[in-house]
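What the coordinates show
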Amino acid sequence: GEAAPKAVDRLGPATCCLDLDACNGEVNLDEARLSMESLSNFCSARTNVCVISGAWQYEVVIGTAGIQQVGWATPTCPFNNEEGVGDFPDSYAYDGKRVRKWNVSCHPYGQPWMAGDVIGCCFDVD
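Summarised in this report is the structure supplied together with it. (Residues numbered from 1 in each chain as written. Predicted model: local features only at pLDDT ≥ 70, side-chain atom pairs only at ≥ 80, totals over all residues. Heavy atoms only, no water.)

Glancing now at the side chain of aspartate 95. Among the secondary structure elements, aspartate 95 is positioned in strand E7 (residues 91-95). Residue aspartate 95 is classed as buried on the basis of its relative accessible area, which comes to 0%. Ignoring sequence-local partners within four residues, the contact set of aspartate 95 consists of Ile67, Gln68, Gln69, Arg100, Trp102 and Trp113. (Helix = DSSP H or I, 4+ residues; strand = E, 2+ residues; numbered from the N terminus. Buried < 20%, exposed > 50% of the residue type's maximum accessible area, 1.4 Å probe, protein only. Contact = heavy atoms within 4.5 Å.)

Next up on the list: the nonpolar core. Residues Val51, Ile62, Val70, Trp72, Tyr94, Trp113, Ile119 and Cys121 constitute the largest nonpolar core, which totals eight residues. Secondary-structure elements contributing two or more residues to this core are strand E6 (70-73) and strand E10 (118-124). Setting aside anything within four residues of it in sequence, one finds tryptophan 72 in contact with Val51, Trp56, Gln57, Tyr58, Val85, Asp90, Ser91, Tyr92, Cys121, Cys122 and Phe123. (Core = buried A, V, L, I, M, F, W, Y, C linked by side-chain atoms within 4.5 Å.)

Quick look at the packing of aromatic side chains now. Per the counting criterion, the structure on display carries five aromatic pairs. Plain terms: the ring middles of tyrosine 58 and tryptophan 72 are 5.2 Å apart, the flat faces sit at 65° to each other, and that makes the pair edge-to-face. Pair noted here: tyrosine 58 is in strand E5 (residues 55-61) and tryptophan 72 is in strand E6, with a separation of 14 residues, a long-range link. Ring geometry for tyrosine 94 versus tryptophan 113: centroids 5.3 Å apart, planes at 85°, classification edge-to-face. Note that tyrosine 94 is positioned in strand E7 and tryptophan 113 in the loop between strand E9 (105-108) and E10, a separation of 19 residues in sequence. You can call tryptophan 113 buried: its relative accessible area is 4%. Aromatic ring contacts, followed pair by pair, group Tyr58, Trp72, Tyr92 and Phe123 into a single cluster. (Phe/Tyr/Trp six-rings, centres within 6.5 Å; stacked < 30°, edge-to-face > 60°.)

Purely geometric stuff here, so don't read any function into it on its own.
Next comes the structure, spelled out in structure tokens:
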């Protein structure tokens, strides 16, 4: 018999990187689009990949101990100059400066981060 077709669990190119067209605010991206520096008071960014099933993780190396929210958001999450990942119902985030997790409202969570820390962001779509 024939093998069943492989289930699609993500959409996008084989290599995941930051999508310059999906950044809000003024940012600098490195050549590989794996590193971002904010040049404005508030910015948000998405990658070029959308996960639709399964369990996923990515890691972020924290460049400063400042206020940052890293997490997961749907492609339609409306980032703007004052709100980003974690500020909308269809997004979740962690902020190690304020030691909070976010999904519209915030709750105490985790430990403070420092520059150089590696933060893993996990999400189980199913």
